Amino acid sequence: MDISVIIPLLNESESLPELNSWISRVMEANGFSYEVIMVDDGSTDGSWKTIKGLAESDPHIHGISFRRNYGKSAALFCGFSKAAGEVVITMDADLQDSPDEIPELYRMVTEEGYDLVSGWKQHRQDNKLTKNLPSKLFNATARKVTGIKLHDMNCGLKAYRKEVVKSIEVYGEMHRYIPYLAKNAGYDKIGELRVHHQKRKFGKSKFGMNRFINGFLDLQSLWFLSTFGKKPMYFFGYSGMTMFVIGFIIMLWIIIEKLVKQANGTYYRAVTDQPLFYLALVAVILGTLFFLAGFLGEMISRNSQERNKYNIKDTF
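In what follows, the accompanying structure is described.

Basis of the calculations
Here the residue numbers are simple positions, counted from 1 along each chain's written sequence. Only residues with pLDDT of at least 70 are given local features in this predicted model, and only at 80 or more are side-chain atom pairs given and counted; all residues enter the totals for whole chains, interfaces and linings. Hydrogens and waters are ignored; side-chain quantities use all the structure's heavy atoms. A run of H or I in DSSP becomes a helix once it reaches four residues, and a run of E becomes a strand once it reaches two; helices and strands are each numbered from the N terminus. The classification of residues rests on relative accessible area computed with a 1.4 Å probe and restricted to protein chains. Under 20% of the type maximum is buried, over 50% is exposed, and intermediate values are partly exposed. Two residues form a contact once any of their heavy atoms are found within 4.5 Å. Accessible surface is estimated by sampling points in the Shrake-Rupley manner with a 1.4 Å probe; for residues, cover comes only from the protein chains shown. Two strands are counted as paired when DSSP detects at least two bridges linking them. Angles here are taken between N-to-C directions and fall from 0 to 180 degrees, while the axes themselves are lines fitted to C-alpha atoms, restricted in helices to the stretch in contact. By definition here, a salt bridge exists when the distance from a side-chain nitrogen of Lys or Arg to a carboxyl oxygen of Asp or Glu is within 4 Å. Buried Ala, Val, Leu, Ile, Met, Phe, Trp, Tyr and Cys residues form a nonpolar core when they are joined through side-chain atoms within 4.5 Å. Taken from the helix axis, the directions to the C-beta atoms give the arc we talk about. Two rings from Phe, Tyr or Trp (for Trp, the six-membered ring) form a pair when their centres sit within 6.5 Å of each other. Planes less than 30 degrees apart are called stacked, planes more than 60 degrees apart edge-to-face, and all others tilted. Only when the NZ of Lys or the CZ of Arg is both within 6 Å of the ring centre and within 35 degrees of the ring normal is a charge said to sit over the ring.

1. As for the overall build of the chain
Secondary structure assignment for the chain yields 10 helices and seven strands. Residues counted as buried form 44% of the 316 residues belonging to the chain. Sequence separation of at least 24 residues holds for 80% of the intrachain contacts in the chain that already meet a minimum separation of 6. Element-wise, carbon and sulfur atoms account for 58% of the exposed surface of the chain, whose accessible area totals about 17500 Å².

Written out as structure tokens, the structure is:
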């Protein structure tokens, strides 16, 4: 099979018939063998009924229905698990992503050798204040932290080589950072394609401003886990040792200074009367706790079932 199209959706019943017809036209015009996997993320508007109705007349459609809303990452994870196409394409169900982009995305993966191709909605049809400006700030931060030069990392329209989606685990709200997950798994040939973005035709957006705050926190978590996940002592150990040494030196300096002044008969302050002494004491305690946290993290990491899980590219 050439292509698997995965469509995570929540309350998009009105747009599904038009979207499916559009996908079918594009696939037939290009002679692709394909499947469409629609993942209903706990819709309450009858989307699942619509999906089953479409599947009765179109054998290319497969459906997955969640009992409740789990989020886009969960929908993509289940879709990736079921996908059988050599190229996996994801798109949103709101008709803002154009299926006409599918042939070029497929070509970039199969002919140019990209592991992943991300869409770039260069001219967004969203509210500039609530969507465009926060999106630019979000993507600028993501480029800085991940080192991946994508203009629109959160674009729902993406194409993947099948082995990529079978090698990564999408969870929580990490769907925003699939390119970073792929890069950490060793799939670093990541491309970008300018895509047409359309105004929403039915319903309303499911995402609010809080997604940008959550996205930033998720990015920090992902960066930390990918950098120190298997070597926690490198972070906690270094940090703890630094705080301990600084605090210990300051404490030692305060005590020696007091003893010298006392021996010379000059005025001196009691060690316990100096605020700096307590700050130094806090640094020593925190340094010790950080070091112990790193040690415990290292012990947990060494006993993890995935401590020797590696993505092997080839063997003979």
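2. A short note on the sheet that holds strand S7 (residues 190–194)
Spatial strand order, S3-S2-S1-S4-S6-S5-S7: seven strands in an open sheet with mixed pairing. Edge strands, defined here as strands with exactly one partner in the open sheet, are strand S3 (61–65) and S7. This sheet shows a mean twist of 20 degrees between the axes of neighbouring strands, independent of strand direction. When strand S1 (residues 3–9) meets strand S4 (residues 87–90), the two strands line up parallel, connected through four bridges. Pairing of Val5 across the sheet is with Ile89, part of S4.

3. So, the pattern of salt bridges
Considering all chains together, one arrives at seven salt bridges under this definition. For Arg107, the salt bridge is made with Glu111, and the minimal N-O distance between the two is 3.9 Å. By relative accessible area, which is 26% here, Arg107 ends up partly exposed. Three or more residues are tied together by salt bridges with common partners; here these are Glu104, Arg107, Glu111 and Glu112.

4. A short note on the pairing of strand S5 (residues 116–120)
By the criterion of burial, S5 is predominantly enclosed, with five of the five residues buried. The pairing of S5 with strand S6 (residues 158–161) spans three bridges and is antiparallel. Opposite Ser118, over in S6, you have Lys158 as the bridge partner. Here S5 runs beside S7; their pairing, made up of five bridges, is parallel. Considered in S7, the bridge of Gly119 is made with Leu193.

5. Considering the nonpolar core
Note that soluble globular proteins tend to have their nonpolar side chains buried in a common cluster. By size, the foremost hydrophobic cluster in this structure holds 34 residues, and its most contacted members are Ile3, Val5, Ile7, Ile23 and Met38. The biggest single contributor to this core is helix H1 (residues 16–30), with six residues. Core analysis: the second largest hydrophobic core is formed by 30 residues, Phe80, Val165, Ile168 and Met174 among them.

6. Some remarks on helix H2 (residues 47–57)
Two residues of an α-helix separated by three or four positions point the same way, owing to the 3.6 residues in each turn. Those residues of H2 not exposed but buried are Ser47, Thr50, Ile51 and Leu54. Each buried residue of H2 lies within a common arc of 100 degrees when the element is viewed along its axis, so the set occupies one face. In H2, those exposed residues whose orientation departs by more than 90 degrees from the buried face are Lys49 and Glu56.

7. Quick word on unusual backbone geometry
In the Ramachandran plot, Asn11 falls in the positive-phi region, its phi being about 55 degrees despite a non-glycine side chain. With respect to the secondary-structure elements, Asn11 resides in the loop between S1 and H1. On the basis of relative accessible area, Asn11 is assigned to the partly exposed category, the value being 26%. Positive phi, close to 70 degrees, is recorded for Leu95, a residue that is not glycine. Relative to the elements of secondary structure, Leu95 occurs in the loop between S4 and helix H4 (102–110).

8. A look at the environment of Val282
Looking at the element boundaries, Val282 is found in helix H10 (residues 275–302). Exposure remark for Val282: the relative accessible area of 43% places this residue in the partly exposed category. Each C-alpha atom of the pair Val282 and Phe244 lies 9.1 Å from the other, and the pair is 38 residues apart in sequence.

9. Regarding the packing of aromatic side chains
All chains considered together, the criterion is met by six aromatic pairs. Consider the rings of Phe80 and Tyr160, whose centres lie 5.5 Å apart with planes at 70 degrees: the pair is edge-to-face. Here the residue Phe80 occupies a position in helix H3 (residues 72–82), and Tyr160 occupies one in strand S6, the gap between them amounting to 80 residues. Judged on exposure class, the residue Phe80 and its partner Tyr160 are both buried. Relative to Phe290, the ring of Phe236 lies with its centre 5.9 Å away and its plane at 55 degrees, an arrangement referred to as tilted. You can see Phe236 sitting in helix H9 (residues 232–264) and its partner Phe290 sitting in helix H10, a full 54 residues away along the chain. On the basis of relative accessibility, which here comes to 23%, the residue Phe236 falls in the partly exposed class. Lying across the ring of Tyr114, Lys189 places its NZ or CZ 5.4 Å from the centre.

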